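Residues per chain are reported as follows:
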Amino acid sequence: MRPESTNGTGGGGLAVPMDWLCAEYLADELLRRGGLVETGSLEYVAGRRTLALTVYLSDGAAPEERLDEWLDRTSHGHPWPEWVRERLAERRAREGEGEPGLALALETWRLLEETELLAADLETLPAPPAGAAVDESARVWLPSWRLGLPLGHLSLHLY
C-alpha cells in the first residue's frame, strides 16, 4: 500500500513506502523493548538501521513468522554484509532504481557502511586466559553495522 501523492512531503519529495515504514517501526520497537542502549544514541541508531534493513530485505512479515530467520541473519559468523549486498542487487534487478523502498534501503546501507563508531573490536581481540575478563580498552573505528548487528540480534532474543 503506497501513498498516491506526496502531499505534505514538501512537494515532489520521496514518499515512504509502507514496507519500509513497517520495517523501521518494528526495528524501533524491538530496540526500545530490549532496553539495551539509550534511544537516540549512535549505537541505537546503528541497531535500528541494521534491524530495519534486515526486516526489509527479508520481505517483512510479522515477527512471529520471521523471528528465527532474523536471528539467523544477525547471528555472529553469519555473512550479513554479503547477504545485504546480494539482496539489494536482487531488488535492484527486480524493481529498478526508482523504487522508493529500495532507495531508502540503499541509503541506509550506505550510512551503515560509511558511519564509523569508536568501539572495541571484539573479533580481533586475542582470547583471554580462562576466567579472565576481555580487555575492551583498545578501541578502533568500525562501520556502524558492526555494532548494530549484535545489538539487533540481542534485541531479537529479548523479544
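Starting from 1, residues in each chain are numbered consecutively following that chain's sequence as written. For this predicted model, a pLDDT threshold of at least 70 governs which residues receive local features, and a threshold of 80 or more governs which side-chain atom pairs are given and counted, while totals over whole chains, interfaces and linings are taken from all residues. The side-chain values count all of the structure's non-hydrogen atoms but skip hydrogen atoms and water molecules.

Concerning the overall build of the chain
Thinking step 1. Secondary structure follows DSSP: runs of H or I at least 4 residues long count as helices, runs of E at least 2 residues long count as strands, and numbering of each begins at the N terminus. Helix and strand counts for the chain stand at six helices and two strands.
Thinking step 2. From first element to last, N terminus to C terminus, the chain shows the α and β order α-α-α-α-α-β-β-α.
Thinking step 3. Per-residue accessibility, obtained with a 1.4 Å probe over protein chains only, is compared with the maximum for each type, and a residue is labelled buried under 20%, exposed over 50%, and partly exposed between these values. Every one of the 159 residues in the chain was classed for burial, and the buried ones make up 40%.
Thinking step 4. Counting contacts in the chain only where the partners sit at least 6 residues apart, residues at least 24 apart contribute 65% of the total.
Thinking step 5. Under the convention used here, a 1.4 Å probe and the Shrake-Rupley method define accessible areas, while residue burial counts only the protein chains that appear. As displayed, the chain has an accessible area near 9100 Å², and 54% of this comes from carbon and sulfur atoms. Contacts were defined at the residue level, with two residues in contact if any of their heavy atoms lie within 4.5 Å.

Quick word on the packing of helix H3 (residues 63-74) against helix H6 (residues 145-158)
Thinking step 1. Here the axes come from fitting lines to C-alpha atoms, over the contacting stretch only for helices, and the angles between their N-to-C directions go from 0 to 180 degrees. It is the contact of H3 with H6, at a shortest axis distance of 9 Å, that shows an interaxial angle of 150°. In this view, H3 runs roughly antiparallel relative to H6, as classed from their interaxial angle. Where H3 crosses over H6, the two elements pack in a sense that is left-handed. Judged by residue contacts, Leu67, Trp70, Leu71 and Thr74 of H3 engage Leu149, His153, Leu156 and His157 from H6. Angle categories: roughly parallel below 35 degrees, roughly antiparallel above 145, roughly perpendicular from 65 to 115, and oblique for all the rest. We call a crossing left-handed when the near helix sits turned anticlockwise from the far one by less than a right angle, and right-handed when that turn is clockwise.

Remarks on a nonpolar patch on the surface
Thinking step 1. The patches described consist of residues with a relative accessible area above 30% and no salt bridge, like charges being joined within 9 Å and nonpolar side chains (Val, Leu, Ile, Met, Phe, Trp, Tyr) within 5 Å. When a carboxyl oxygen of Asp or Glu lies within 4 Å of a side-chain nitrogen of Lys or Arg, that pair is called a salt bridge. A cluster of nonpolar side chains, Val16, Met18 and Leu21, forms an exposed patch at the surface whose accessible area comes to about 230 Å².
Thinking step 2. Looking at where Val16 falls in the secondary structure, it is placed in the segment before helix H1 (18-34).
Thinking step 3. Classification of Val16 by relative accessible area gives partly exposed; the value is 37%.

Quick notes on the confidence of the model for the chain
Thinking step 1. For the chain, per-residue confidence averages 84 on the pLDDT scale, and 82% of positions sit at 70 or higher.
Thinking step 2. Confidence drops under a pLDDT of 50 for residues 1-5, and excluding neighbours within four residues, the segment shows eight contacts in the predicted structure. Confidence scores here are pLDDT values: one per residue, from the predictor, ranging 0 to 100.

Some words on the environment of Glu116
Thinking step 1. Checked against the element boundaries, Glu116 lands in strand S1 (residues 116-120).
Thinking step 2. Taking the C-alpha atoms as reference points, Glu116 and Leu42, 74 residues apart in sequence, are found 9.8 Å from one another.
Thinking step 3. Ignoring any residue separated from it by four or fewer positions in sequence, one finds Glu116 in contact with Trp141, Leu142, Pro143 and Ser144.

Considerations on the packing of aromatic side chains
Thinking step 1. A pair of aromatic rings is counted whenever rings of Phe, Tyr or Trp (Trp by its six-membered ring) have centres within 6.5 Å, and the orientation is called stacked for planes under 30 degrees apart, edge-to-face for over 60 and tilted otherwise. Enumeration according to the criterion identifies three aromatic pairs in this entry.
Thinking step 2. The interplanar angle of 70° and the centroid separation of 5.1 Å between the aromatic rings of Trp20 and Tyr56 together place this pair among those described as edge-to-face. Residue Trp20 is located in helix H1, and its partner Tyr56 is located in helix H2 (residues 42-57); the two are separated by 36 residues in the primary sequence. By the burial criterion, Trp20 is buried, and Tyr56 matches it.
Thinking step 3. Here a set of aromatic residues connected by ring pairs shows up, and it is made of Trp80, Trp109 and Trp145.
Thinking step 4. Taking NZ or CZ as reference, Arg91 lies 4.2 Å from the ring centre of Tyr56, over its face. Both a distance and an angle decide whether a charge sits over a ring: NZ of Lys or CZ of Arg must be within 6 Å of the ring centre and within 35 degrees of the ring normal.

Some thoughts on the nonpolar core
Thinking step 1. Throughout this description, the term nonpolar core refers to a set of buried Ala, Val, Leu, Ile, Met, Phe, Trp, Tyr and Cys residues connected via side-chain atoms within 4.5 Å. Of all hydrophobic cores here, the largest spans 29 residues; its most connected members are Leu53, Trp80, Val84 and Trp109.
Thinking step 2. Looking at this core, the elements that each hand over two or more residues are H1, H2, H3, helix H4 (80-95), helix H5 (100-114) and H6.
Thinking step 3. Of the residues forming this core, the biggest block, seven residues, is contributed by H2.
Thinking step 4. Look past the residues within four positions of Val84 in its chain and what remains in contact with it is Leu53, Leu57 and Trp109.

Describing H3
Thinking step 1. Take the residue count of a helix, subtract one, and multiply by 1.5 Å to get its expected span. The first and last C-alpha atoms of H3 sit only 14 Å apart over 12 residues, clearly below the 16 Å expected at 1.5 Å per residue.
Thinking step 2. The complete set of buried residues in H3 reads Pro63, Leu67, Trp70, Leu71, Arg73 and Thr74. Buried residues of H3, viewed axially, fall in a sector of 155°; they line one side. The exposed residues of H3 that point more than 90 degrees off its buried face are Glu65 and Asp68. Note that the arc is defined by the directions from the helix axis to the C-beta atoms.

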